[in-house]
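Inside the fold
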Amino acid sequence: MALKPRKTVLLYINGVRHEIGADRAGWMLADYLRVSMGLTGTKIVCAEGDCGACTVLRFFPGLGKKNAGRSREFLSVNSCITTIAQLDGSSLVTIDALAKGDELNPVQEAMKSCHGSQCGFCTPGFVMALSGLVEKKIGAGVGGKLDRKEAQNALTGNLCRCTGYQQIVDAAASFEVRTCDSVGKRFYNGAQEKELKAALAKPVSLASEEFIFFAPVGLGEACRFLARAPAARPLASATDLGVVHNKGIRRIEKALSLHLVPELYALKISSSGVVSAGARVTLAELRRALKEKCPEVARFLDLFASPQIKNIATLVGNVANASPIADTPPFLLACNAVVKIAGPRGKRSVPLKEFYLGYRKTDLRKGELVASIEFTLPAAGELFALYKVSERKDLDISCVNAGLALGLDKKGAIRGARLAFGGMAATPVRVARTEKILEGKVPSAELLREAQASLQDELTPLSDVRGSSAFRRVLAGNLLKRFFREKLEIQS
Ligand code: FES
Ligand code: FES
């Protein structure tokens, strides 16, 4: 028997229960906090997920027993680009609740005493991003001072437009984690978990004049809804759609959320290095799972977006969004990824290199959605590198990105060349002609020059604000040159 859908979403904010209906569930969380709750500590500055001023901490308890305890941490997320509806089942903590009365918590106290507290726009976000790192450390049983490098990484999603970061990093490194109370312990308890989990077992259906939101508990139902309502957008984290919505370019009006479908949280890695990531697997979870097995992916993901984005954005969302300069498709193309699609007629698989049909156009048919991505990590001994060229190192949109992999046989000849680029065509691409040139040959400076020349013919980059077509061609050739120099010590 079909479960009766809920007409509200349920979440806890600073330990207080909120049931929110269709009239406000389409609001961005930051607006709800500030306007409906008067919690003005959370700031809205860029409204694009870039500056971190709106950072809050979020815990999602998972679905049923299977996904229980995936992570007990309260993770930093941006509240300016995330709708209330997407946060159904979450427990959230905002800057307003950190202090106990007039007593600042150790992070706030450190920011004050190290003069890291600057203006009222950026400071709350810095405190919350550092608090997210503290939660992680508490969860891992680490009680000492924060490492400066780690603190810098945790703050890559927070911008100060005027002063600087030195005192903030000094503050981060000045206190002992063991002196901090876990926000999880302060604001989350068994009764809350029981209630949230019971709610998460039931679908959600919200409808107002401005916002239609459906969250089924099964994949079949999701596909049937999409077939009936082709204008509905499947939402993962909406870290891109949220920006477009805030800019007024395209509103999130009709949305399908997959957050109640248990099978989509699966992340499996086989002994032969085949990774399968469901549509709800976040980039932070993927990074954590691959950190030891493929450090190059973890390093690359450190450059990809902010912790706030990675804590909620999914690998499948990055692929299905079909941006020609998305950062994960070149890596996935070089790892022979296959897109697993669910639809009204069942499931099918499409190699990622055939999935993109044109600019922002995919092979998805009516009622279909991406259920998971499967890819194979580079084999032991294979040469593998991921590159991203952008104006700023952290948290910037790529001009060009690349995933490059080469195997070498016993005689030193190239086997299984896989070269993939983003930002070099209307879609992310593998360069089959150039791969063929390399195949079976022993690497040399001459071969590199031949491959570089072939790339210039094979790629058709667009010109836009991030780089002209000619500039991008040079970049692609230079990335291949860098790969040969770093991995094979060959210069052209
Ligand atoms: Fe800048 Fe949200 S207001 S990231
Ligand atoms: Fe707040 Fe610079 S933006 S001090």
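Scroll up a little and you will see the structure.
Okay, so let's go over this structure. (Residues numbered from 1 in each chain as written. Chains lettered and ligands numbered in written order. Predicted model: local features only at pLDDT ≥ 70, side-chain atom pairs only at ≥ 80, totals over all residues. Heavy atoms only, no water.)

1. Some points on the overall build of the protein
Regarding its fold elements, the protein presents 19 helices and 20 strands. In terms of C-alpha radius of gyration, the protein reaches 23 Å, essentially the compact-globule figure of 23 Å for 492 residues. C-alpha atoms of the protein, sized along the principal axes, occupy 70 × 60 × 45 Å. Within the protein, the fraction of its 492 residues that count as buried is 56%. Summed over all atoms, the accessible surface of the protein reaches about 21,000 Å², with 52% contributed by carbon and sulfur. Charge centroids of the protein, computed over 69 positive and 48 negative side chains, lie 4 Å from each other. (Helix = DSSP H or I, 4+ residues; strand = E, 2+ residues; numbered from the N terminus. Rg over C-alpha atoms; globule rule 2.2 N^0.38 Å. Buried < 20%, exposed > 50% of the residue type's maximum accessible area, 1.4 Å probe, protein only. Areas by Shrake-Rupley, 256 points an atom, 1.4 Å probe, with all protein chains shown as cover. Lys, Arg positive; Asp, Glu negative; His and termini not counted. Charge placed at Lys NZ, Arg CZ, Asp CG, Glu CD.)

2. Brief notes about the nonpolar core
Within soluble globular proteins, side chains that are nonpolar generally end up buried alongside one another. Core analysis: the largest hydrophobic core is formed by 59 residues, its most contacted members being L332, L352, F355, L369, I373, F375 and F384. Here this core gathers at least three residues from each of two domains, domain 1 (9–192) and domain 2 (266–488). Ignoring sequence-local partners within four residues, the contact set of L369 consists of L219, A222, C223, L226, L256, L258, K340, I341, A342 and L364. One finds L57, L155, Y188 and A199 within the second-largest nonpolar core, a separate group that totals 37 residues. (Core = buried A, V, L, I, M, F, W, Y, C linked by side-chain atoms within 4.5 Å. Domains from an automatic or database assignment. Contact = heavy atoms within 4.5 Å.)

3. Focus: helix α9 (residues 219–228)
Each turn of an α-helix holds 3.6 residues, which means side chains three or four residues apart point in the same direction. Those residues of α9 not exposed but buried are L219, A222, C223, F225 and L226. Angularly, the buried residues of α9 cover 160° about the axis, an arc narrow enough to put them on a single face. In this fold, the buried residues of α9 make contact with β7 (212–215), β8 (233–235), β9 (254–257), β12 (338–343), β13 (346–351) and β16 (369–376). (Arc of directions from axis to C-beta.)

4. Brief notes about the sheet that holds strand β19 (residues 414–422)
Taking strand neighbours across the sheet as the criterion, the 4 strands line up as β17-β18-β19-β20 in an open arrangement whose pairing is antiparallel. What marks the edges here is a single partner per strand, and that holds for β17 (383–389) and β20 (429–430). (Pairing = 2+ DSSP bridges.)

5. So, the packing of aromatic side chains
Tallied over the entire structure, the rule returns 9 aromatic pairs. Ring centres of F60 and Y265 lie 6.1 Å apart, and the angle between their planes is 10°; on these two criteria the pair is classed as stacked. Placement of F60 in the loop between β3 (55–59) and β4 (75–78) and of Y265 in the loop between β9 and β10 (267–269) is noted, with a sequence separation of 205 residues between them. On the basis of relative accessibility, which here comes to 12%, the residue F60 falls in the buried class. Of the residues examined, Y265 reaches a relative accessible area of 6% and is grouped as buried. Pairing F214 with F225 gives two aromatic rings, centres 4.9 Å apart and planes at 40°, and the pair type is tilted. Note that F214 is positioned in strand β7 and F225 in helix α9, a separation of 11 residues in sequence. Neither residue differs from the other here; F214 and F225 are each classed as buried. A connected cluster of aromatic rings, assembled from ring pairs, spans F59, F74 and Y188. (Phe/Tyr/Trp six-rings, centres within 6.5 Å; stacked < 30°, edge-to-face > 60°.)

6. Some remarks on the sheet that holds strand β6 (residues 204–207)
One open sheet holds the 4 strands; their spatial order is β6-β7-β9-β8, and the pairing between them is mixed. The open sheet has two edge strands with one neighbour each: β6 and β8. Looking at each pair of strands side by side, their axes are set apart by 20° on average, direction ignored. As paired elements, β6 and β7 share 4 bridges and run antiparallel to each other. By the bridge assignment, L206 is partnered in β7 with F213. Contacting β7, β8 and β9, α9 runs over the sheet at an angle of about 165° to β9. (Axes fitted to C-alpha atoms, helices over the stretch in contact; angles between N-to-C directions.)

7. Comments concerning the pattern of salt bridges
Counting across every chain of the model gives 24 salt bridges. A salt bridge links D170 to R148; the nearest nitrogen and oxygen atoms lie 2.7 Å apart. Taken together, the residues span a long stretch of sequence, with D170 in helix α6 (residues 166–172) and R148 in helix α5 (residues 148–154) at a distance of 22 residues. A salt bridge links R472 to D464; the shortest N-O distance between them is 3.1 Å. On the accessibility criterion, R472 (2% relative accessible area) is buried. (Salt bridge = Lys/Arg side-chain N within 4 Å of Asp/Glu carboxyl O.)

8. What about the packing of helix α3 (residues 106–113) against helix α4 (residues 123–139)?
At a minimum axis separation of 9 Å, α3 and α4 run at an interaxial angle of 130°. One way to sum up the angle between α3 and α4 is to call them oblique. Note that α3 runs across α4; the crossing there is right-handed. Contacts from V107, Q108 and M111 of α3 reach α4 at T123, F126, V127, L130, S131 and V134. The residue makeup of the contact of α3 with α4, split by class, is 6 nonpolar, 3 polar and no charged. (Parallel < 35°, antiparallel > 145°, perpendicular 65-115°, else oblique. Left-handed = near helix turned anticlockwise from the far one by under 90°. Nonpolar A, V, L, I, M, F, W, Y, C, P; charged D, E, K, R; others polar.)

9. What about the side chain of Q86?
By the element assignment, Q86 lies in the loop between β4 and β5 (91–93). Q86 gets classed as buried once you look at its relative accessible area, which sits at 4%. Apart from residues lying up to four places away in sequence, Q86 is in contact with R58, F213, L235, A236, S237 and A238.

10. Overview of the pairing of β16
With 6 of 8 residues buried, β16 lies mostly within the body of the structure. As defined by bridge partners, strand β11 (residues 274–278) adjoins β16 across 5 bridges and the pair is classed as antiparallel. Bridging across to β16, S276 finds its partner in E374. Where β12 meets β16, 5 bridges bridge the pair, whose relative direction is antiparallel.

11. Here we look at the packing of helix α18 (residues 445–458) against helix α19 (residues 469–488)
In contact at an axis separation of 9 Å, α18 and α19 are set at 155° when each is read in the N-to-C sense. Put simply, α18 runs roughly antiparallel to α19. Viewed along their axes, α18 and α19 form a crossing whose handedness is right-handed. Residues L448, A451, Q452, L455 and Q456 of α18 lie in contact with α19, whose contacting residues are R473, V474, A476, G477, N478, L480, K481 and F484. Its residues assigned to classes, the contact of α18 with α19 shows 7 nonpolar, 4 polar and 2 charged.

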